[in-house]
Amino acid sequence: MALVKKGARRITVDGTTYHPRVSWIRRRTRKEEPPAKRLPDLEFLALVRAGLEECAPGVTQGAQLKGNSLISPHGWAVAVAPPHHGGGHHYDLVALPDVGLQPDVPCFMDCVVSMSADPQDAANTWVQTAGACLLELLDRREHFADHAGPDDERGVPGWHMIMSGAVGLGSDIDENRRLQGALLEANVLHRIADSFTTDLESPFFNGVKVFYGGSPGSMQAEIRVNGERHEAASAAMAALGLPEPTTFTAVRFYALLLPVQASGGAPSYPTARLDLAPDSVQANAHTHGAACDCGGHLDPEHPGFDLALPHLVAELSEEERRRRVKSDTGAIIIAEGVGNFLKVRLPVRLDDGRTVVYLAWVYLQAAVIDDFVQRVRNDNLAGHRFEGLLCNAIGPWGEDVLRAPVVLGGQRINEDGSVRRSEVLESSDPLLGKVLSETWAAAFVLGDRFPRSPSS
């Protein structure tokens, strides 16, 4: 599963919330086969609660599972409604941002289905789309979803929009990313606003789900407004001419549309409000040592940056990090349910003859990292090439290269007998491929950091 968030201040990768334009949802390690039948409501809500907690540590503190609901002492709730369409792995969820508004509590609805038969995937899908909108409605600082005003080029005229990232639900990573990008670039809700805005009746907030997916030749475009399929909007979206994938692929995002006050200014938010600013770990400029292998001593001739943690690990709470990280050697991190990460060198050539080196993290599949470790032990790593996914934002390109596929290699033995870090050699991602193969202006990459002296 994958997620893309256009222009967001945060992103999410594989179940963990991030800060990129390209992210993905973590598939949790399965210790056993997923249940063959639909989970009971409270068991499914337990998965939702865990997902919300990963996105916003502390948000579910004190929340209780009762009846068919997850109820927070801070005034919000999520409930499972009786399924009225879909199969056995289909879940209808109702989000209630402010249960204090009695007797008619305002809510928004969404439905998710587990295409893999694992309910965890369905829970992740809801958390990263409608759930992200719920968190943002309570936080309102663009930590979890984007905001667009009625006059914004990506907004809906007459309404204030909170929009999640786009989640990819297909098994082909490249097709997920292609359709995610296409869906966001299509600016769907802005372009088809006239087809559905007259049916937005809630004075609080209206939930809109955007779905596009299927197999080549049989793609479906669907807009659901407040839980119901909107035929006119769905037809208008189908007419936008979105590209078809080469294999089964589906993408979706969620939006909340809030009425705008006649006098302008902020929309009418619910009275419930939480401070959900996530814990963060800063990837600061590298402090070099005399034996630093990312560029040498800390001087203008050898600029370098050490990214402390993979995004997936950095965005965990301290408690989650202690619980999940089973091994951290400084070069390899193994985090249960998160992934396996190797620290590598990513060199970028500058137009003044220097090379800036980023010590970054790459996600590796279990079999790949096991083979890597075995080759180190057998002293036959030199010349070995292997593949992974970049797990850090890099320099001025930022989140645009996060999760880009990479080919690694370039090992050699240092004078002291140690193995030099593997190096990012190439990438099939168009942008990262250019970053690696082209020469870049030093001022663009470094700004005023590591300036060369006039005598240089």
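Everything below is about the structure printed above this text.
First, a word on scope: everything that follows refers to the structure included in this document. Not measured: the values here are computed from a predicted model.

Cut-offs used in this document
Residues numbered from 1 in each chain as written. Predicted model: local features only at pLDDT ≥ 70, side-chain atom pairs only at ≥ 80, totals over all residues. Heavy atoms only, no water. Buried < 20%, exposed > 50% of the residue type's maximum accessible area, 1.4 Å probe, protein only. Helix = DSSP H or I, 4+ residues; strand = E, 2+ residues; numbered from the N terminus. Pairing = 2+ DSSP bridges. Salt bridge = Lys/Arg side-chain N within 4 Å of Asp/Glu carboxyl O.

Digging into the pairing of strand 8 (residues 90–96)
Summarising burial for strand 8: seven of the seven residues are buried, a large majority. Both faces of strand 8 are covered, namely the face carrying H90, D92, V94 and L96 and the face carrying Y91, L93 and A95. The pairing of strand 7 (residues 77–81) with strand 8 spans five bridges and is classified as antiparallel. Paired with V78 across the bridge in strand 8 is A95. Of the pairings in the sheet, the one linking strand 8 to strand 9 (residues 108–113) comprises six bridges and is antiparallel in character. Bridge pairing in strand 9 places A95 opposite F108.

Focus: the pattern of salt bridges
Applying the stated criterion across every chain yields a total of 16 salt bridges. We note a salt bridge from R323 to E320, for which the minimum N-O separation is 2.4 Å. On the criterion of helical spacing, the pair formed by R323 and E320 is a turn pair, its members being three residues apart in helix 7 (residues 318–324). Given the relative accessible area of 48%, R323 is considered partly exposed. When the shortest N-O distance is used, the salt bridge between E426 and R385 registers 2.9 Å. On the criterion of sequence distance, the pair formed by E426 in strand 24 (residues 423–426) and R385 in the loop between helix 8 (366–378) and strand 22 (386–390) is long-range, its members being 41 residues apart. A relative accessible area of 47% places R385 in the partly exposed class.

Digging into unusual backbone geometry
Only a minority of non-glycine residues have a phi that is not negative, and only a minority of peptide bonds are not trans. We note that N187 has phi near 50°; this positive angle belongs to a residue other than glycine. With respect to the helices, strands and loops of the structure, N187 is situated in the loop between helix 3 (173–185) and helix 4 (188–191). The phi dihedral of N226 falls on the positive side, at around 50°, and the residue is not glycine. Take N226: it is sitting in the loop between strand 14 (218–225) and strand 15 (228–229).

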